[in-house]
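Structural overview
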Amino acid sequence: MASKQNYVKKMEAKNQLKTDAGIIADRFPTVAGIVINMTYYHNAENPILMHRTVNFFPESHAFFNLECMIKGCEEGGFNLKRIISKQIKDKKKVIRGEMSCKGKSGDLRANHSSIDYEINISYSKKTKKKAAKKTKKK
Ligand SMILES: [Zn+2]
């Protein structure tokens, strides 16, 4: 039962982090959507573990800490928060990079897991010209 309690605690902690992260529309009002394409690698003969696409919408939580897919990896994961914040600041549409999991637990090696990522951000085209575009009288 202890493990179930731990699990519940973990989920609660994660939900709290998500709540603390806020909503994308509040944090990054210029963002219309974010799509992250990832390839997960692990330290094995066939290194590609999986491909994954994650979508974020303006109403999504601005929580970009993606979990490590390796069983038993406790504190690991891939936190793209800083990268995405910078990308939005720079108004870049697409960036690519790689990151390795810093999680360590038990016999997990330092290079047990990494990702290639491509982050696509679309920005809302909010213009103040809307008012100027009056509907023509018929
Ligand atoms: Zn990991």
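For the structure itself, consult the block above.
About the cut-offs
Along every chain, residues carry numbers that run from 1 in the direction the sequence is written. Given that the model is predicted, a residue must reach a pLDDT of at least 70 before its local features are reported, and side-chain atom pairs must reach 80 or more before they are shown or counted; all residues, however, enter totals for whole chains, interfaces and linings. By definition, two strands form a pair when at least two bridges between them are found by DSSP. A run of DSSP states H or I qualifies as a helix once it reaches four residues; a run of E qualifies as a strand once it reaches two. Both are numbered from the N-terminal end. Note on method: axes are straight lines fitted to C-alpha atoms, helices fitted across the in-contact stretch only, with angles between N-to-C directions ranging 0 to 180 degrees. Contacts are defined on C-beta atoms placed from the backbone: any two residues whose C-beta positions lie within 7 Å are in contact.

Brief notes about the sheet that holds strand β6 (residues 113–123)
Spatial strand order, β2-β1-β6-β5: four strands in an open sheet with antiparallel pairing. Each edge of the open sheet carries a strand with a single partner, namely β2 (48–56) and β5 (94–100). Strand after strand, the sheet turns through a mean of 15° between neighbouring axes, direction not considered. Alignment of strand β1 (residues 31–42) against β6, held across eleven bridges, turns out to be antiparallel. Looking across to β6, one finds that Val-35 is bridged to Asn-120. Sitting on the sheet, helix α3 (residues 81–89) is in contact with β1, β5 and β6, with an inclination near 30° to β6.

Brief notes about the pairing of β6
In the sheet, β5 pairs with β6 via seven bridges, with the strands oriented antiparallel. By the bridge assignment, Ile-95 is partnered in β6 with Ile-119.

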